[in-house]
Amino acid sequence: MPAKDVYHDAVKNALIKDGWSILADPYKIKYKDAELFADLAAEKPIAAEQNGRKIVVEIKSFLSASPMRDFELALGQYILYRNLINLTEPEYQIYLAIKDSIYENFFKRESIKDITKINQLLLIIVDMGKEEILQWIN
């Protein structure tokens, strides 16, 4: 299993504060001869008698000297995980969790917004210091 992202606990705590139950930490994605691990799986109950909403969360810190390189890697991983999850457990939606300052300083760039839209990237924007979800972007 890969090492946990530096923001792993902050994102996990933010999800719990937002009413989510953590189902897996990490979440194993197994399909045929592929076995990968996303950071978290969570569920938010809608009502006692209904199935809740289920998500997989991949957390990215964007701490390297090149946010564009971090984005390349994150986007490729996100698409791979999304495709495998669609094949194995299509009731799950996958989100990329990022720090609010990365969203403001990088993801709001016109080129990145276009790539995010084309690839239907779902985002969770988190205040890592307060461990709070600021925004869901679908």
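Whatever comes next refers back to the structure up there.
Residues numbered from 1 in each chain as written. Predicted model: local features only at pLDDT ≥ 70, side-chain atom pairs only at ≥ 80, totals over all residues. Heavy atoms only, no water.

Student: Looking at this structure, how should I read the overall build of the chain?
Tutor: What the chain contains, in helices and strands, is four helices and eight strands. Mapped in sequence order, the helices and strands of the chain form the string α-β-β-β-β-β-α-β-α-α-β-β. In terms of overall size, the chain behaves like a compact globule, its C-alpha atoms giving a radius of gyration of 15 Å where 138 residues would be expected to give roughly 14 Å. Dimensions along the principal axes, computed over C-alpha positions, put the chain at roughly 45 × 40 × 30 Å. Scored against the burial criterion, the 138 residues of the chain give a buried share of 43%. Across the chain, contacts joining residues at least 24 apart in sequence account for 57% of those joining residues at least 6 apart. Of the side-chain charges in the chain, 18 are positive and 21 negative, and the distance between the mean point of each set is 2 Å. (Helix = DSSP H or I, 4+ residues; strand = E, 2+ residues; numbered from the N terminus. Rg over C-alpha atoms; globule rule 2.2 N^0.38 Å. Buried < 20%, exposed > 50% of the residue type's maximum accessible area, 1.4 Å probe, protein only. Contact = heavy atoms within 4.5 Å. Lys, Arg positive; Asp, Glu negative; His and termini not counted. Charge placed at Lys NZ, Arg CZ, Asp CG, Glu CD.)

Student: Sorry, what's going on with helix H3 (residues 100-107) here?
Tutor: Since the α-helix packs 3.6 residues into each turn, any two residues three or four apart lie on the same face. Residues of H3 that are buried include every one of Ile 102, Tyr 103, Phe 106 and Phe 107, and no others. Buried residues of H3, seen end-on, are gathered within an arc of 105° and therefore sit on one face of the element. Of the surrounding elements, those touching the buried residues of H3 are helix H2 (67-88), strand E6 (92-99), helix H4 (110-118), strand E7 (123-127) and strand E8 (132-137). (Arc of directions from axis to C-beta.)

Student: What exactly am I supposed to notice about H2 here?
Tutor: Here H2 is 22 residues long and its end C-alpha atoms lie 31 Å apart, about the 32 Å a rise of 1.5 Å per residue gives. Considered for burial, the residues of H2 that qualify are Asp 70, Phe 71, Ala 74, Leu 75, Gln 77, Tyr 78, Tyr 81, Arg 82, Leu 84 and Ile 85. Contacts made by the buried residues of H2 are with strand E2 (27-31), strand E3 (34-38), strand E5 (53-59), E6, H3 and H4. (Expected span 1.5 Å × (residues − 1).)

Student: Before we go on, may I ask you to explain the sheet that holds strand E4 (residues 40-44) in this structure?
Tutor: Two orientations exist for strands paired in a sheet by backbone hydrogen bonds: parallel and antiparallel. Here six strands make up an open sheet; going across it, the order is E1-E4-E5-E6-E7-E8 and the pairing mixed. Two strands bound the open sheet, and with one partner strand each, they are strand E1 (21-24) and E8. When the angles between neighbouring strand axes are averaged without regard to direction, this sheet yields 35°. (Pairing = 2+ DSSP bridges. Axes fitted to C-alpha atoms, helices over the stretch in contact; angles between N-to-C directions.)

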